Amino acid sequence: MIQIKPSIHYGKIKKEILKSHIFGKNILIISSKTVWEKSYLSSVIGQLSDKYILKIYTHIQPNAPFSDLQKIIDDYKMDVSPDTIIAIGGGSIIDAAKALSVSFQNISIADLFYKIKPMPRTSVKLIAIPTTAGTGAELSFGAIIYDDVKNIKGGIRGEIIQPNIVFIDAELYRTAPKKLISEVGFDCLTHAIETYVSLKSDALIRYQSVAAIKTVFTFLPNAVDGDLNALKNMAIASSMMGVNLAYSSTCLPHRIQYIIGPLTNTSHAQGLIALYKGWIKLIAENKSKSGLNNLEYDLGGRVNLVDKIHKLKEDLNINYSISTLGVNESQIEHIAEKTTGSVQNDPIYISNETIIKILKESV
Ligand SMILES: [Fe+2]
């Protein structure tokens, strides 16, 4: 069964509406530094200080490293735990907040990450205010975080960590640099394509994927140029793909990116853009088995998705390969060996050889 939730609020974020969703007195605010400094949100949230106890953090780095999360938990050790968390930022910030929402109950982040302890049944109320359109973190059930001691990137997963309410204001997405809007927008496209062809897909997932793919091709270039309507459409596509991520699964590019990211110190989206070079080629080589035939048909027929993706990458100037990211051919076997997770959801996965092939075609 697929349930589309939580509620999403659109438009300018005002004090009163924010207040109506706050639970308790102690509020933890985790924000991207740029958005906190450049947007109107800091002044709206500042107005809450008469009635609430606010603690504001803007130090979370990309990939949400454990040590950054631990700093917040340690700060609260002497204090009462937060009643509500407000997360303002891109995927890493929202994922950090999702992980923290279940980490104030004497369960360490590492225990959840390495599945030593089960997910708690309760969480701190979480309000998500995304400021980049693509990761879908605001609606998905997963949080990708990073063990910066053991150098392992992975996820914690569970319906309990899904944010309780999402605020979307297209204006906030303008604070991101053009390159980031392009790259993260491509992540949204990968969620749409992968959740469509995944063996865990179903009719509603595929319907939403088709809508999101059309949105990316129509609106991403204008969104990069700061067009508000285009940004709003991208924000909706990103959020709906969060639902797809919750109920279907991604495919091999996402599995392999988890290894390439820490190895090359490149972002999630950059890794995916590079890996699509090889993956989409292999998907296109076996159109009926991979489901690409059906996808192109659903997109209205007479569509060559591979060409469209290539053109989009060219137009946005993000035509990366894994060599651009710093991977050399001698590392391919090691990357393939390290790739784990539910690889069998990918329609073209046969064995480790499939991963090696994708990597070789992505050089
Ligand atoms: Fe992704």
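Residues numbered from 1 in each chain as written. Predicted model: local features only at pLDDT ≥ 70, side-chain atom pairs only at ≥ 80, totals over all residues. Heavy atoms only, no water.

1. Topic: the overall build of the chain
At step 1: For the chain, the helix and strand inventory stands at 18 helices and 8 strands.
At step 2: Across the 363 residues that make up the chain, the buried fraction comes to 56%.
At step 3: Taking the intrachain contacts of the chain between residues at least 6 apart in sequence as the baseline, contacts between residues at least 24 apart amount to 78%.
At step 4: Accessible surface for the chain amounts to roughly 15,400 Å². Of this, 52% is attributable to carbon and sulfur atoms.
At step 5: Between the mean site of the 39 positive side-chain charges and the mean site of the 34 negative ones, the chain shows a separation of 4 Å. (Helix = DSSP H or I, 4+ residues; strand = E, 2+ residues; numbered from the N terminus. Buried < 20%, exposed > 50% of the residue type's maximum accessible area, 1.4 Å probe, protein only. Contact = heavy atoms within 4.5 Å. Areas by Shrake-Rupley, 256 points an atom, 1.4 Å probe, with all protein chains shown as cover. Lys, Arg positive; Asp, Glu negative; His and termini not counted. Charge placed at Lys NZ, Arg CZ, Asp CG, Glu CD.)

2. Some words on unusual backbone geometry
At step 1: Here K5 and P6 are connected by a cis peptide whose omega angle stands at 0°.
At step 2: For P6, the location among the structural elements is in the segment before β1 (7–10).
At step 3: Notably, N63 is not glycine yet its phi reads approximately 75°, a positive angle.
At step 4: Relative to the elements of secondary structure, N63 occurs in the loop between β3 (53–57) and α4 (66–77).
At step 5: Note on N63: relative accessible area 21%, which makes it partly exposed.
At step 6: A positive phi is found at N265, a non-glycine position, where the angle reads about 55°.
At step 7: Here N265 is to be found in the loop between α11 (252–264) and α12 (268–285).
At step 8: Relative accessible area serves as the criterion here: at 70%, N265 is assigned to the exposed category.

3. Brief notes about the pattern of salt bridges
At step 1: A complete count under the given rule lists 13 salt bridges for this structure.
At step 2: K5 is paired through a salt bridge with E159; the nearest N and O atoms lie 3.1 Å apart. Within this pair, whereas K5 is found in the segment before β1, its partner E159 is found in the loop between β7 (152–157) and β8 (165–168), the two being separated by 154 residues in sequence.
At step 3: Among the residues examined, K5 registers a relative accessible area of 24% and is labelled partly exposed.
At step 4: Judged by its relative accessible area of 42%, E159 is partly exposed.
At step 5: Of the charged contacts in the structure, one is a salt bridge between K281 and E285, with a shortest N-O distance of 4.0 Å. Remark: E285 and K281 occur in helix α12; sequence separation between them is 4 residues, near one turn of the helix.
At step 6: When its relative accessible area of 37% is taken as the criterion, K281 is described as partly exposed.
At step 7: Here the residues in one salt-bridge network are K281, E285 and E361, joined through shared partners. (Salt bridge = Lys/Arg side-chain N within 4 Å of Asp/Glu carboxyl O.)

4. Brief notes about the nonpolar core
At step 1: In terms of nonpolar packing, the biggest core is built from 97 residues, with W279 and L359 touching the most fellow members.
At step 2: Structurally, this core is a two-domain feature, drawing no fewer than three residues from each of domain 1 (7–173) and domain 2 (178–361).
At step 3: Leave out the neighbours within four places in its chain, and L359 touches I256, I260, L275, I322, I332, I335 and A336.
At step 4: Counting 20 residues, the second largest nonpolar core, distinct from the first, contains L18, I27, Y40 and I88. (Core = buried A, V, L, I, M, F, W, Y, C linked by side-chain atoms within 4.5 Å. Domains from an automatic or database assignment.)

5. Some remarks on the coordination of the iron ion
At step 1: In the first shell of the iron ion, the protein supplies D187 (OD), H191 (NE2), H254 (NE2) and H268 (NE2), at 2.1 to 2.3 Å from the metal.
At step 2: Because the angles between the 4 donor atoms bound to the iron ion fall within 82 to 170°, the donor set is best described as irregular.
At step 3: All donors to the iron ion come from one chain, and their sequence spacing reads D-x3-H-x62-H-x13-H. A residue pair is termed a helical-turn pair when its members lie 3 or 4 positions apart in one helix, as D187 and H191 do in helix α8 (residues 178–197) at 4 residues. (Donors = N, O, S within 2.8 Å, 3.2 Å for Na, K, Ca; no water. Tetrahedral: all angles 85-135°; square planar, octahedral: opposite > 155°, others 65-115°.)

6. With respect to empty space enclosed by the protein
At step 1: Tallied over the entire structure, the rule returns 1 cavity of 30 Å³ or more.
At step 2: Of all the secondary-structure elements, those providing two or more residues to the lining of the largest cavity are α8 and α10 (228–247).
At step 3: No other element matches the 3 residues that α8 contributes to the lining of the largest cavity.
At step 4: Looking at side-chain class alone, the lining of the largest cavity contains 8 nonpolar, 2 polar and no charged residues.
At step 5: Taken together, domain 1 (7–173) and domain 2 (178–361) each give at least three residues to the lining of the largest cavity, which thus spans both. (1 Å grid on protein atoms, 1.4 Å probe; cavity = no way out; pocket = protein on both sides within 12 Å on 5 of 7 lines; lining within 4 Å. Points joined across faces, edges and corners; volume = space filled by probe spheres on them. Nonpolar A, V, L, I, M, F, W, Y, C, P; charged D, E, K, R; others polar.)

7. Looking at the domain arrangement of the chain
At step 1: The assigned domain composition of the chain is domain 1 (7–173) and domain 2 (178–361).
At step 2: If you average the C-alpha positions of domain 1 and of domain 2, the two centres end up 26 Å apart.
At step 3: Contact with domain 1, which involves 20 residues of that partner, is made by 24 residues of domain 2.
At step 4: For the pair domain 1 and domain 2, the summed buried surface comes to about 1,900 Å²; carbon and sulfur atoms form 64% of the total.
At step 5: Per-residue buried area on domain 1 facing domain 2 is highest for A133, G134 and K153; these three make up 25% of the total on that side. (Buried area = accessible area lost by both parts, 1.4 Å probe.)

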